[in-house]
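Residue-level structure breakdown
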Amino acid sequence: MTAATASIAHTSNAARTGVLFMLLGMLMFSLNDTMGKWLVSTYSVSQLMTIRSLAALVVLIPFFIKRGWRSLLIVDRPWLQGLRSLLFAVDASAFYFAVAYMPLADTMTYWLAAPIYVAAASPFLLGEHVGWRRWTAILIGFAGVVIALEPSSESFSLPALIALVGSAAYAFALLLGRTLRATPDTTLIFWQLSGALIFSLVGVGANPAGWAPMDLQALACLSLLGIVAMLAHILVTRSLKLADAATVVPLQYTLLFWAVVFGWIFFDDTPRWTVILGSGLIVASGLFIFFREQQLKRRQPQQPGPAVEAGLGEITR
């Protein structure tokens, strides 16, 4: 075997491993969402978020020590870091609140629209150029959201509105992430988890009566939320290091498949036809926007970006 052949084989194996890691990561995120829907029927969102954030912070302590506490606390643009952390805290809290009252597939459909919001807002907030093709895809994606929401006096319920607010918060947090590319992943995740913990503790303080008693089994289940989400992000981050983004990023839409399957198995949820149609438009729009951006990037001269640390990514849920 020649060196060139060995290199091609290694690249092919790495890509296949990247695909496997992305699929496993999406499965773990879906399991996390299913566990959250089950637990939030007993425990408040603030209590769930508090235990989840503490568990993830404890598990990541070795990474924080290795990085150095000073580099975690003293950062450029701390206000942007704080705002990003707040948006992710709102995103996660809104998801757990919405999923307590809505089917998994319905809730996931709204969150899958976040890349469409990012594409729509980027010309105004980041000064990025968006051509007519992507604007058309954005409008189709918004139409999918409207169809999934099925506008009526009944569909504009509080959970549905909170789901929309949460997905918008997630989108704006992603936008801020673009402006903080130079910040190491460990620092980003430390601020993100710390922000979620502070946000949830404020919620606990505002309603201390909402803190339900826990036994060891309940504590373990609540802690598992943060650990499973953290492991899912490790798999996704590793996937993007092993394979091209154009290969693995579209696999993130398997979240919707698992949401339908787990919603049907564990909660007897049957998705409405409007959700199926709307999610189809959202997925098609999101995929077009993604591949169009990849195409435009290939036309531009490559610029070296900051290195991404292995094994750490953004934890949203």
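Look up: the structure comes first, before these words.
What you see is a predicted model, and the numbers here were worked out from it, not measured in a lab. (Residues numbered from 1 in each chain as written. Predicted model: local features only at pLDDT ≥ 70, side-chain atom pairs only at ≥ 80, totals over all residues. Heavy atoms only, no water.)

It is worth spelling out the nonpolar core at this point. One finds Leu39, Leu48, Tyr96, Met108, Tyr110 and Ile138 to be the most contacted residues of the largest nonpolar core, which totals 62 residues. Of all hydrophobic cores here, the second largest spans twelve residues; its members include Leu60, Phe190, Trp191 and Leu193. (Core = buried A, V, L, I, M, F, W, Y, C linked by side-chain atoms within 4.5 Å. Buried < 20%, exposed > 50% of the residue type's maximum accessible area, 1.4 Å probe, protein only.)

Further remarks concern empty space enclosed by the protein. Summed over all chains, the structure comprises two cavities of 30 Å³ or more. The calculated volume of the largest cavity comes to roughly 40 Å³. Taken together, Ser30, Asp33, Thr34, Leu104, Met108, Leu255, Trp258, Ala259 and Phe262 make up the full set of residues lining the largest cavity. Looking at the lining of the largest cavity, the elements that each hand over two or more residues are helix H1 (3-39), helix H6 (104-112) and helix H13 (254-267). Looking at the lining of the largest cavity, the element that brings in the most residues is H13, giving four residues. Each residue belonging to the lining of the largest cavity can be placed in one class, and the counts come to six nonpolar, two polar and one charged. The calculated volume of the second largest cavity comes to roughly 30 Å³. Lining the second largest cavity are Pro103, Ala105, Ala259, Val260, Gly263, Trp264, Asp269, Thr270 and Pro271. By residue number, the principal contributor to the lining of the second largest cavity is H13, which donates four residues. Split by residue class, the lining of the second largest cavity holds six nonpolar, two polar and one charged. (1 Å grid on protein atoms, 1.4 Å probe; cavity = no way out; pocket = protein on both sides within 12 Å on 5 of 7 lines; lining within 4 Å. Points joined across faces, edges and corners; volume = space filled by probe spheres on them. Helix = DSSP H or I, 4+ residues; strand = E, 2+ residues; numbered from the N terminus. Nonpolar A, V, L, I, M, F, W, Y, C, P; charged D, E, K, R; others polar.)

Here we take up the environment of Pro115. In this structure, Pro115 sits in helix H7 (residues 114-125). Residue Pro115 is classed as partly exposed on the basis of its relative accessible area of 36%.

A few words now on the environment of Ala232. Its location among the elements puts Ala232 in helix H11 (residues 216-242). In sequence terms Ala232 and Leu27 are 205 residues apart; their C-alpha atoms lie 8.2 Å from each other.

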